[in-house]
Amino acid sequence: MGHVNRDCPRRVSSASAAVQQDGELEYAQPIQSIQELDDFRLEITRRDQEIMAMAAKMKTLEEQHQDYQRHIAVLKESLCAKEEHYNMLQSDVEELRNRLQEKNRMIDNLENLLKEKDNQVDMARARLSAMQAHHCSSEGALTSLEEAIGDKEKQMQQLRDQRDRVEAEKKEERELHERELAKFKMKLHSLDSEVEKLTTRLHRALAEKDRLEARFKGPYVIHKCLPNDRYVIRDIDGAQQTQIPYDGVLESDKLRKWMSQDADPASVCT
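To start, this report covers the structure provided alongside it. All values derive from a computational prediction rather than experimental measurement. (Residues numbered from 1 in each chain as written. Predicted model: local features only at pLDDT ≥ 70, side-chain atom pairs only at ≥ 80, totals over all residues. Heavy atoms only, no water.)

Moving on, we get to the overall build of the chain. Looking only at helices and strands, one finds two helices and seven strands in the chain. Looking at the chain residue by residue over its 270 residues, the buried ones come to 22%. Excluding contacts between residues fewer than 6 apart, the proportion of contacts in the chain whose partners are at least 24 apart in sequence is 67%. If you sum the accessible surface of the chain, you get close to 19400 Å²; carbon and sulfur atoms cover 51% of it. (Helix = DSSP H or I, 4+ residues; strand = E, 2+ residues; numbered from the N terminus. Buried < 20%, exposed > 50% of the residue type's maximum accessible area, 1.4 Å probe, protein only. Contact = heavy atoms within 4.5 Å. Areas by Shrake-Rupley, 256 points an atom, 1.4 Å probe, with all protein chains shown as cover.)

Shown next as structure tokens:
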């Protein structure tokens with residue numbers, strides 16, 4: 001018995017063998033010439049070289065697949081680090097937001113205080129106007145009131161300056177945060193694009209590997225020879241390919257001699 005691959009074509013001489021009714025195989029006539037034997041050997045050698053080339057290509061694809069997996073793992077680690085950095089930035093944003101809210105409350109307090117000072121100035125001016133209207137104030141009292149008004153106006157100006165400084169600091173911090181957030185979004189988008197490209201390349205490599213693996217089926221063993229150059233083939237013991245054992249009849253042009261990669265092609269006869 002010999003091992004064969006199903007669905008792999010092989011040239012077989014129709015005059016190489018004949019089947020007896022008692023099930024025994026006997027050869028009708030030998031190969032006609034040495035040239036025909038050499039042709040068969042060259043064909044077997046060429047097929048073996050194709051198998052070795054495909055095996056090397058599959059090995060290369062598996063190595064590329066492993067490289068892609070390692071690269072994706074590195075990218076995932078980098079993405080996790082970026083996510084941690086993003087979470088830290090989010091914490092900083094929350095802290096900045098709280099600080100901004102606190103400064104907004106300070107500004108509101110300053111504005112309330114400024115309004116209160118404005119009311120006090122208005123009241124002082126009203127008193128001054130009343131005193132001038134009734135001619136009941138003296139020049140010293142008027143000077144004192146004017147100095148008090150000047151002091152109040154200085155305090156108001158200081159409060160305005162303080163409010164302007166707080167608003168400028170708040171604006172600067174907001175712009176700095178927006179720039180940092182924009183840079184991080186650009187980096188994250190770049191990483192997403194790179195992961196998508198690597199995933200596409202990995203899917204193509206896996207599809208190519210599946211295509212090469214699906215090209216051959218077997219090996220099987222010849223169980224019985226039938227008339228008209230047909231054979232009954234079955235699974236090899238211990239090497240069943242499917243859950244249900246295979247048992248079928250195929251013509252010789254659907255079969256191909258199977259041999260291991262380290263076998264000597266010159267020692268195989270058809």
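Right, let's talk about the pattern of salt bridges for a bit. What the rule picks out here adds up to twelve salt bridges. Of the charged contacts, one joins D67 and R70 as a salt bridge, the two residues approaching to 2.1 Å between their closest N and O atoms. Taken together, the positions of D67 and R70, both in helix 1 (residues 34–134) and three residues apart, correspond to about one turn of that helix. In this structure R70 comes out as partly exposed when scored by relative accessible area, which is 48%. Salt bridges sharing common partners tie together E43, R46, R47 and E50. (Salt bridge = Lys/Arg side-chain N within 4 Å of Asp/Glu carboxyl O.)

This paragraph deals with the packing of aromatic side chains. For the coordinates displayed, the defined rule picks out two aromatic pairs. Geometrically, the ring pair formed by Y86 and F184 is stacked, given 5.0 Å between the ring centres and 15° between the ring planes. Of this pair, Y86 sits in helix 1 while F184 sits in helix 2 (residues 139–213), and the two are 98 residues apart along the sequence. Look at Y86 and you get partly exposed, because its relative accessible area is 32%. Where Y220 meets Y246, the ring centres are 5.0 Å apart and the plane angle is 45°; that geometry is what we call tilted. Note that Y220 is positioned in strand 4 (residues 217–226) and Y246 in the loop between strand 5 (230–235) and strand 6 (247–251), a separation of 26 residues in sequence. (Phe/Tyr/Trp six-rings, centres within 6.5 Å; stacked < 30°, edge-to-face > 60°.)

One non-glycine residue, N228, lies in the positive phi region at around 60°. Tracing the backbone through its elements, the reader meets N228 in the loop between strand 4 and strand 5. Looking at N228, the relative accessible area reads 68%, which means it is exposed. For D229, which is not glycine, the phi torsion reads 60° and is therefore positive. Within the fold, D229 resides in the loop between strand 4 and strand 5. The partly exposed category is assigned to D229, whose relative accessible area is 24%.

A few words on the pairing of strand 6. Remark: a regular strand shows side chains that alternate across the two faces of the sheet. Residue alternation in strand 6 divides its side chains into a buried set, G248 and L250, and an unburied set, D247, V249 and E251. Alignment of strand 5 against strand 6, held across five bridges, turns out to be antiparallel. Of the residues in strand 6, the one forming a bridge with R234 is D247. (Pairing = 2+ DSSP bridges.)

Take the environment of Y231 next. Checked against the element boundaries, Y231 lands in strand 5. Look at Y231 and you get buried, because its relative accessible area is 13%. Other than its neighbours up to four places away in sequence, Y231 contacts I222, K224, C225, G248, V249, L250, S252 and L255. A distance of 3.3 Å separates polar atoms of two side chains, one belonging to Y231 and the other to D229. (Polar contact = N/O pair within 3.5 Å; in protein donor to acceptor, adjacent residues only side chain to side chain.)

Take the environment of R127 next. Within the secondary structure, R127 sits in helix 1. For the pair R127 and L145, spaced 18 residues apart in sequence, the C-alpha to C-alpha distance is 9.1 Å.

Attention now moves to the environment of E251. Note that E251 resides in strand 6. According to the relative accessible area criterion, E251 is partly exposed, its value standing at 35%. A C-alpha to C-alpha distance of 9.4 Å links E251 and L226, two positions 25 residues apart in sequence. Non-local contacts of E251, meaning those with residues more than four positions away in its chain, are made with D229 and R230.

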